[in-house]
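Commentary on secondary and tertiary structure
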Amino acid sequence: MTKPAIFETETGRQIAYHKTKGSGPGVVFLGGFMSDMNCSKATHLEAWAKENGRAYLRFDYSGHGQSSGVFEQGCIGEWVEDAKEVILGLTDGPQIIVGSSMGGWIALLMAKRIPQKIAGLVGIAAAPDFVIDGIWDSFTDAEKATLMSDGQVPLANEYFDGPYTITKKLIEDGRVQSVLRDPLNLPFPVRLLHGTADTDVNMDVALRIIEHATGQDIRLTLVKDASHSFSEPDNLAMIRRAIHSVTMKS
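The paragraphs below set out a description of the structure included in this document. Owing to the predicted nature of the structure, the values given are computational and were not obtained by experimental measurement. (Residues numbered from 1 in each chain as written. Predicted model: local features only at pLDDT ≥ 70, side-chain atom pairs only at ≥ 80, totals over all residues. Heavy atoms only, no water.)

A look at the packing of helix α4 (residues 130-138) against helix α6 (residues 168-176)
- Following both chains from N to C, one finds α4 and α6 inclined at 140 degrees, their axes separated by 8 Å at the closest point. In terms of orientation, α4 and α6 fall into the oblique class. Along the contact surface, α4 presents Val131, Ile132, Ile135 and Trp136, while α6 presents Leu170, Ile171, Gly174 and Arg175.
- In terms of residue class, the contact of α4 with α6 is made up of six nonpolar, one polar and one charged. (Axes fitted to C-alpha atoms, helices over the stretch in contact; angles between N-to-C directions. Helix = DSSP H or I, 4+ residues; strand = E, 2+ residues; numbered from the N terminus. Parallel < 35°, antiparallel > 145°, perpendicular 65-115°, else oblique. Contact = heavy atoms within 4.5 Å. Nonpolar A, V, L, I, M, F, W, Y, C, P; charged D, E, K, R; others polar.)

In structure tokens, the structure reads:
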């Protein structure tokens, strides 16, 4: 496995990344919560980019994968800043932003922070505002009380061994980073892909994005029986076609 390069943010966070040279508009992959740049979607798109001479960038947020930091000490706002600085510092011209799950939320925040750098957006099971609408709203009163008093609470999950920690910092920052409670303008081609068998992010979230956002070219594709990972061969092919679609419109 090739050793990643390192990008240092203004605050000193060491962000690990892999960059593929090629033609534009380049493609930037934004991963999910507790995921990393070696997930199947990110590496599949890198292989596709190399085969097609396309510029491509994948990286790990701080506290994720091979980047510096501790996951439990991070929050959406810090990972948004990581993405913003990496995109501004490592890419040339407008990019096609591909965001998976939490990465879809961060992609929408990029539309607010650096719209001039976005030629198109592809959301894969996009999960905007999930910290509040998903995690916080699912907590019992006892869990909410523990979070507020202790600053953290363990949360069971099906992807890792044992629970992971949800912090008060993550919840409070998540409220600040919301994109579905304020105006959201997407003035570029947007393609949202969502599986009907997604048990982590309900497809109602994708419908909320469509209803809430403003833009002339926003489309949602619901895929019967596709799961949250959206990593089956036909799912990966759909991601490639979505990138092609927004590229042709940009």
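Comments concerning the sheet that holds strand β3 (residues 23-30)
- The strand order β1-β2-β4-β3-β5-β6-β9-β10 describes an open sheet built from eight strands, whose pairing is mixed. Each end of this open sheet is capped by a strand with a single partner; those strands are β1 (5-8) and β10 (218-223). Within this sheet the neighbouring strands show an average axis-to-axis angle of 20 degrees, counted without direction.
- Pairing of strand β5 (residues 95-100) with strand β6 (residues 118-124), which is carried by six bridges, proceeds in the parallel orientation. Paired with Gln95 across the two strands is Ile118, which belongs to β6.
- Running over the sheet, helix α3 (residues 102-113) touches β3, β5 and β6 and is turned about 145 degrees from β5.
- With respect to the sheet, helix α8 (residues 233-249) is in contact with β3, β4 (54-59), β5, β6, β9 (190-195) and β10, its orientation differing from that of β9 by roughly 165 degrees. (Pairing = 2+ DSSP bridges.)

Examining the nonpolar core
- Membership of the largest hydrophobic core comes to 57 residues, with the highest contact counts inside it found for Ile76 and Ile166.
- It is α3 that contributes the most residues to this core, eight residues altogether.
- Residues in contact with Ile76, not counting those within four places in the same chain, are Met102, Trp105, Leu109, Phe130, Val131, Leu170, Asp173 and Gln177.
- Membership of the second largest hydrophobic core comes to 23 residues, among which are Ala49, Ile96, Ile124 and Ile239. (Core = buried A, V, L, I, M, F, W, Y, C linked by side-chain atoms within 4.5 Å. Buried < 20%, exposed > 50% of the residue type's maximum accessible area, 1.4 Å probe, protein only.)

Considerations on helix α1 (residues 40-51)
- Taking 1.5 Å of rise per residue, 12 residues should cover 16 Å, and α1 covers 17 Å from first to last C-alpha, within 8% of that figure.
- For α1, the full list of buried residues reads Lys41, Ala42, Leu45, Glu46, Trp48 and Ala49. For α1, the arc enclosing every buried residue in end-on projection is 165 degrees, short of the 170-degree limit, so these residues lie on one face. Exposed positions of α1 whose direction lies more than 90 degrees from the buried face are Lys50 and Glu51.
- Next to the buried residues of α1 lie β2 (14-20), β3, β4, β5, β6 and α8.
- Backbone geometry just after α1 places Gly53 at a positive phi near 65 degrees. (Expected span 1.5 Å × (residues − 1). Arc of directions from axis to C-beta.)

A closer look at the pattern of salt bridges
- Inspection of every chain in the model, using the stated rule, returns 11 salt bridges.
- Between Arg181 and Asp129 there is a salt bridge; the shortest N-O distance is 2.8 Å. With Arg181 in the loop between α6 and β9 and Asp129 in the loop between β6 and α4, this pair connects stretches of sequence that are 52 residues apart.
- Judged by relative accessible area, Arg181 falls into the partly exposed class, the value being 44%.
- A salt bridge links Asp217 to Arg191; its shortest N-O distance comes to 3.1 Å. (Salt bridge = Lys/Arg side-chain N within 4 Å of Asp/Glu carboxyl O.)

Points about the side chain of Ser67
- Structurally, Ser67 can be placed in the loop between β4 and α2 (76-90).
- Reaching out from Ser67, the side chain makes a polar contact with the backbone nitrogen of Ala16 at a distance of 2.8 Å.
- Among the polar contacts made by the side chain of Ser67, one reaches the main-chain carbonyl oxygen of Asp60 at a distance of 2.6 Å. (Polar contact = N/O pair within 3.5 Å; in protein donor to acceptor, adjacent residues only side chain to side chain.)

Some remarks on the packing of α1 against α8
- Across the interface, α1 lies against α8 with an axial gap of 11 Å and an inter-helix angle of 55 degrees. By the angle between their directions, the pair α1 and α8 is classed as oblique. In this structure, α1 crosses over α8, and the sense of that crossing is right-handed. Between α1, through Lys41, His44, Leu45 and Trp48, and α8, the contact on the second element is made entirely by Leu236, Ile239, Arg240 and Ile243. (Left-handed = near helix turned anticlockwise from the far one by under 90°.)

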